[in-house]
Amino acid sequence: MNMAEESASALIDAKIASLGDWRGEMLARLRRIIRAADPAIVETVKWRKPSNPAGVPIWEHHGILCTGETYRDKVKLTFMRGASLDDPAGLFNASLDGGTRRAIDFFEGDEVDETALAALVRAAVAANR
């Protein structure tokens, strides 16, 4: 892991810790699934600004795979090329009208289909190649 990756991972760790509720636990769980899906995935943080100093966690492999945003009532994984990915488990439940992106909104108490999510991440990696 290079310095930029370490820094990004530390920022994501801090963001998860700062949430201090189910959203942090959900983001941490989703992060574990994403990173386990392909060991070459790199974590970055983008779009840091005064209203969001921690920025947005990003997972990349030959380009952005997905982003992990937290809102008051949900954690949103947005897949940059989601519209072109097979989603046999029907995980995408948000941004369905977009021509390129698709998202999955996770709410408090939601179950996570880890196998299907890992498959979706691997499909995103393949699409980026």
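Please refer to the structure placed before this passage.
Just so you know, these numbers come straight off a predicted model, no measurement behind them.

Draft legend 1. Looking closely at the overall build of the chain. The helix and strand tally for the chain stands at 3 helices and 5 strands. Start at the N end of the chain and walk to the C end: the helices and strands fall as α-α-β-β-β-β-β-α. The C-alpha radius of gyration of the chain comes to 14 Å, within 12% of the 14 Å expected for a compact globule of 129 residues. Along the first, second and third principal axes, the C-alpha atoms of the chain reach 35 × 35 × 25 Å. Evaluated residue by residue, the chain yields a buried proportion of 47% over its 129 residues. Considering only contacts within the chain whose residues lie at least 6 apart along the sequence, 50% involve residues at least 24 apart. By element, 50% of the accessible surface of the chain is carried by carbon and sulfur atoms, the whole surface being about 6900 Å². A distance of 5 Å separates the average location of the 17 positive side-chain charges in the chain from that of its 19 negative side-chain charges.

Draft legend 2. Region of interest: the packing of aromatic side chains. Under the definition given, this model contains 1 aromatic pair. Measuring from centroid to centroid gives 5.6 Å for Phe79 and Phe92, while their planes differ by 75°, and the two rings are edge-to-face. Of the two residues, Phe79 sits in strand 4 (residues 75–79) while Phe92 sits in the loop between strand 4 and strand 5 (102–106), which places them 13 residues apart along the sequence. Here the two residues Phe79 and Phe92 agree in accessibility, since each one is buried. The lysine or arginine in question, Lys74, covers the ring of Tyr71, its NZ or CZ lying 5.4 Å from the ring centre.

The rules behind each value
- Residues numbered from 1 in each chain as written.
- Predicted model: local features only at pLDDT ≥ 70, side-chain atom pairs only at ≥ 80, totals over all residues.
- Heavy atoms only, no water.
- Helix = DSSP H or I, 4+ residues; strand = E, 2+ residues; numbered from the N terminus.
- Rg over C-alpha atoms; globule rule 2.2 N^0.38 Å.
- Buried < 20%, exposed > 50% of the residue type's maximum accessible area, 1.4 Å probe, protein only.
- Contact = heavy atoms within 4.5 Å.
- Areas by Shrake-Rupley, 256 points an atom, 1.4 Å probe, with all protein chains shown as cover.
- Lys, Arg positive; Asp, Glu negative; His and termini not counted.
- Charge placed at Lys NZ, Arg CZ, Asp CG, Glu CD.
- Phe/Tyr/Trp six-rings, centres within 6.5 Å; stacked < 30°, edge-to-face > 60°.
- Lys NZ or Arg CZ within 6 Å of the ring centre and 35° of its normal.

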